[in-house]
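So you can see what is in the structure, the chains are spelled out below.
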Amino acid sequence: MERHFEHDLGELKERLLWMAGLAERGVHQAVQAVFQKDEALAKRVLEEEKAINEMQIEIDDRVMQLVALQQPMAVDLRFILSASRINNDLERIGDQAVNIAQSALRILRHPQVKPYVDLPRMSELAEGMVRDSLNALVHRDADLAKSVLIRDDEVDHLRDQIFRELLTYMMENSAVVFPAFELVLVTKNLERIGDHATNIAEDVIYMVAGRDVRHLAADRR
Amino acid sequence: MASLSPVRTVSTESNRNNVSVKSNPSVGTPQRFSLPPKSSVAADSGQRFKISALKVFYGPKEVLHGININISSNVVTAIIGPSGCGKSTLLRSLNRMTETVRRARMEGEVLLDGENIMNMDVVRLRRRVGMVFQRPNPFPKSIFDNVAYGLRINGHKGSLAAAVEHSLRRAALWDEVKDQLHKSAYALSGGQQQRLCIARALAVDPEVLLLDEPCSALDPVTTAKIEELLFQLKPSCTIVIVTHNMQQAARASDSTAFLLEGRLIEYQPTPKLFTTPSDPRTEAYITGRFG
């Protein structure tokens, strides 16, 4: 017999995944708006963020109710607390998507600074981290979550590389400062998305294994 | 030992800060970055009970299969587990109440402050290790006489009235009954009767108090009073409580032991056991997936 509580936990997880889907979609559309110079796509991201915000409030309500009414313990408690934190990270990922979309709208008004090479790689990495951190949640897979933590270093490395490159362009030609600066912001936003995915992965490890790996050196995770 | 405790370390640090504050009148602000001291449980003052390879038989049936557990002084230890797992038997072994069951037999060793309880005079043992049961069981006597009973048979010297008042105060019952001490104990409510039983147990100043589901017949308000009482008693008494109510174990105890089918499955500090238990059977039980 499936208990009422199990059903509620299942629903919480489903809603969280739904929200994750919205956040992932937001990020993907926002970076594509930059790469494909697609104004309509950027505007859609701004429009769709409302749904993410609504989901955040709904998930918070569910968490509050489960804690108040069911007094969850052990793995259930860890899941519910993780869900609450992941909820915040997803909402922040949604915000970062909006930031990227707004940059996209401003970048569109200028000629392209340079061919996009590293930026698509970085966005693929960051999107993959978000996706896998949520896959780790679904499958209770601590190893997959750990692989997300490792990938964050690659994202940071790409950010440094892109910053250096854009700086060179700006120093050479002051006419590109405005769009290049927007690209710096986009890069920073993508890096933050990787950080949020890292938080989610850390929460998954806590949920599955009961180990708190936040702020630990890589070899101790 | 004490100088090694984290609390002590932090306080010497803040003393050092205070000294250097003299030259700087901005009172209270630490000169150096430091974390606030962690509130901590009273330092472990040793083991009250050392239980090794404890087996209990009722007739031919073995209900405890060799329990090894140490119970620390001045903390609340909770024993949890599904019905029939042997938690009450374990509790009752600690003051040899199991002997009151016909054909019951104990094997193994239970040391109370290093002394084997099997070699102790049982009356003396039960004076040191008091017990409170699931259903309040006051004597058919006045409130006063219930508490005074144990004092009288132990030949109490000094003021009986003062001793009764002291026990009733420790059991958080004094204010409710001080004007009706000579009324029958049966006139009290269930929760008051239970606290009276605790006062009766405390009257002879036991070192250990065993409680066998003391709140299962009580409403939430009275339950909260008894849990608060356990907290108040900790500095002077070692408490072992058997409970079906997991939230109660989580709220009221410092360590929790999980028993299953006569075996000790897991014994941990309570916050650890209820957030990240080590054994999958503990996890399944406390999340309500069996038992």
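Thresholds applied
- Residues numbered from 1 in each chain as written.
- Chains lettered and ligands numbered in written order.
- Predicted model: local features only at pLDDT ≥ 70, side-chain atom pairs only at ≥ 80, totals over all residues.
- Helix = DSSP H or I, 4+ residues; strand = E, 2+ residues; numbered from the N terminus.
- Contact = placed C-beta atoms within 7 Å.
- Buried ≥ 20, exposed ≤ 12 C-beta atoms within 10 Å, placed from the backbone.
- Pairing = 2+ DSSP bridges.
- Nonpolar A, V, L, I, M, F, W, Y, C, P; charged D, E, K, R; others polar.
- Axes fitted to C-alpha atoms, helices over the stretch in contact; angles between N-to-C directions.
- Parallel < 35°, antiparallel > 145°, perpendicular 65-115°, else oblique.
- Left-handed = near helix turned anticlockwise from the far one by under 90°.
- Expected span 1.5 Å × (residues − 1).

Draft legend 1. Region of interest: the overall build of chain A. The number of helices and strands found in chain A is 6 helices and 0 strands. For chain A, the succession of helices and strands along the chain, N to C, is α-α-α-α-α-α. In terms of its C-alpha atoms, chain A occupies a principal-axis envelope of roughly 65 × 40 × 20 Å. In chain A, the proportion of contacts linking residues at least 24 apart, taken out of those at least 6 apart, comes to 79%.

Draft legend 2. Here's a closer look at the overall build of chain B. Tallying secondary structure elements over chain B gives 11 helices and 10 strands in all. Going through the 291 residues of chain B one by one, you find that 38% of them count as buried. When contacts within chain B are restricted to residue pairs at least 6 apart in sequence, long-range pairs at least 24 apart make up 68% of them.

Draft legend 3. Region of interest: the pairing of strand S1 (residues 47-58) of chain B. Residue and element names in this part refer to chain B. As defined by bridge partners, S1 adjoins strand S2 (residues 61-72) across 9 bridges and the pair is classed as antiparallel. The residue bridging Phe57 from the neighbouring strand is Glu62, located in S2. Between S1 and S2, which follow one another and run antiparallel, lie 2 residues, and Gly59 among them has a positive phi close to 65 degrees.

Draft legend 4. Main features of the interface of chain B and chain A. Taken together, the contact between chain B and chain A spans 9 residues of the former and 8 residues of the latter. Counting only elements with at least two residues in the side of chain B that touches chain A, the list comes to helix H9 (246-252), helix H10 (270-275) and helix H11 (280-286) of chain B. Taken together, the residues that form the side of chain B that touches chain A break down as 4 nonpolar, 4 polar and 1 charged.

Draft legend 5. Seen up close, the pairing of strand S3 (residues 76-80) of chain B. All names here are of chain B. Within S3, 5 of the 5 residues are buried, which leaves it mostly tucked inside the rest of the structure. Across 4 bridges, the pairing between S3 and strand S8 (residues 238-242) is parallel. Paired with Ile79 across the strands is Val242, a residue of S8. Where S3 lies against strand S9 (residues 255-260), 4 bridges are found, and the strand directions are parallel. Directly across from Thr77, in S9, lies its bridge partner Ser255.

Draft legend 6. How the structure looks around the packing of helix H3 (residues 74-107) of chain A against helix H6 (residues 177-209) of chain A. All names here are of chain A. Running from amino to carboxyl end, H3 crosses H6 at an angle of 170 degrees, the nearest separation of the two axes being 9 Å. The angle between the axes of H3 and H6 places the two elements in the roughly antiparallel class. Classifying every residue of the contact of H3 with H6 by side-chain character gives 14 nonpolar, 7 polar and 8 charged.

Draft legend 7. Representation of the packing of helix H4 (residues 143-153) of chain B against helix H7 (residues 190-203) of chain B. Residue and element names in this part refer to chain B. As a packed pair, H4 and H7 sit with axes 7 Å apart at the nearest point and diverge in direction by 25 degrees. When the interaxial angle is binned, H4 and H7 end up roughly parallel. As H4 runs across H7, the sense of the crossing is right-handed. Between H4 and H7, the contacting residues are Ile143, Asn146, Val147, Tyr149, Gly150 and Leu151 on the first element and Leu196, Ala199, Arg200 and Ala203 on the second. Of the residues belonging to the contact of H4 with H7, the class tally is 7 nonpolar, 2 polar and 1 charged.

Draft legend 8. Expanded view of the sheet that holds strand S5 (residues 115-116) of chain B. All names here are of chain B. Strand order in the open sheet formed by 4 strands is S2-S1-S4-S5, and the pairing between neighbours is antiparallel. Two strands bound the open sheet, and with one partner strand each, they are S2 and S5. Strand direction decides the pairing type here: strand S4 (residues 104-112) and S5, joined by 2 bridges, are antiparallel. By the bridge assignment, Leu111 is partnered in S5 with Asn116.

Draft legend 9. A look at H7 of chain B. Residues and elements named next belong to chain B. Relative to the 20 Å expected for 14 residues at 1.5 Å per residue, H7 spans 20 Å between its end C-alpha atoms, a close match to the ideal helical length. When you tally the buried positions in H7, you get 13 out of 14 residues, the bulk of the element. With its phi angle positive at about 55 degrees, Asp205 sits one or two positions after the end of H7.

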